[in-house]
Amino acid sequence: MLTQVHTHITKELEQNTKTDTIFILTSILLNLITLAVNSGLVEKSRTESSTLAVMFVFVTLIVMVNIVVIIGLLKGRQTRFKLTNGLIRMYRDQDVAKYYDESLLGNYNVRYNLFILVVVCTGVIATIVPFILR
């Protein structure tokens, strides 16, 4: 039974990693595409108010998607923490905890913070740059 629990937890960790990767890539890709689209609309937005409105719609999309991604990453970090703590408890019970360096938990937190920072920075750049060009 212990092997099945271990397998289940490690599969959950793998799924968590895949989900986080999708969140991050989606956000960055959307931010870069929106940056390109809004930058391309800058010239028209100087004379057409409807184009400026479209730019603001894209900015709203960036903000909404990035908020969802950040919430998803925060939940992913919580999930990873809980699953990893479960593994550590299991390893302690089986007297093999010495093979798992618990400082990895801190590294995971730093990594999540960096991912969130990348999402925020690309979102801010995608939002601000087209309006600076305008």
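None of the values given here were measured: they were computed from a predicted structure.

So, how was this worked out
- Residues numbered from 1 in each chain as written.
- Predicted model: local features only at pLDDT ≥ 70, side-chain atom pairs only at ≥ 80, totals over all residues.
- Heavy atoms only, no water.
- Helix = DSSP H or I, 4+ residues; strand = E, 2+ residues; numbered from the N terminus.
- Rg over C-alpha atoms; globule rule 2.2 N^0.38 Å.
- Buried < 20%, exposed > 50% of the residue type's maximum accessible area, 1.4 Å probe, protein only.
- Lys, Arg positive; Asp, Glu negative; His and termini not counted.
- Charge placed at Lys NZ, Arg CZ, Asp CG, Glu CD.
- Salt bridge = Lys/Arg side-chain N within 4 Å of Asp/Glu carboxyl O.

Chemist: Pulling in residues and values, what's your account of the overall build of the protein chain?
Modeler: For the protein chain, the count of helices and strands is three helices and zero strands. Reading the helices (α) and strands (β) of the protein chain from amino to carboxyl end gives α-α-α. Relative to the globule expectation of 14 Å for 134 residues, the C-alpha radius of gyration of the protein chain, 21 Å, shows a markedly less compact shape. Across its three principal directions, the C-alpha atoms of the protein chain cover 70 × 25 × 15 Å. Counting across all 134 residues of the protein chain, residues that qualify as buried make up 32%. Here the protein chain contributes 13 positive and 9 negative side-chain charges, whose respective centroids are spaced 4 Å apart.

Chemist: Before we move on, could you go through the pattern of salt bridges and cite the residues and values that matter?
Modeler: As enumerated under the stated definition, the model contains two salt bridges in all. Between Glu43 and Arg46 there is a salt bridge, and its shortest N-O distance comes to 2.9 Å. Its salt-bridge partner being Arg92, residue Glu102 comes within 2.6 Å of it at the nearest N-O pair. Here Arg92 lies in helix α2 (residues 49-93) and Glu102 lies in the loop between α2 and α3 (104-133), a separation of 10 residues in the sequence.

Chemist: Before we move on, could you go through the environment of Thr19 and cite the residues and values that matter?
Modeler: Along the chain, Thr19 falls in helix α1 (residues 2-45). Residues Thr19 and Val129 lie 110 residues apart in sequence; the distance between their C-alpha atoms is 29 Å.

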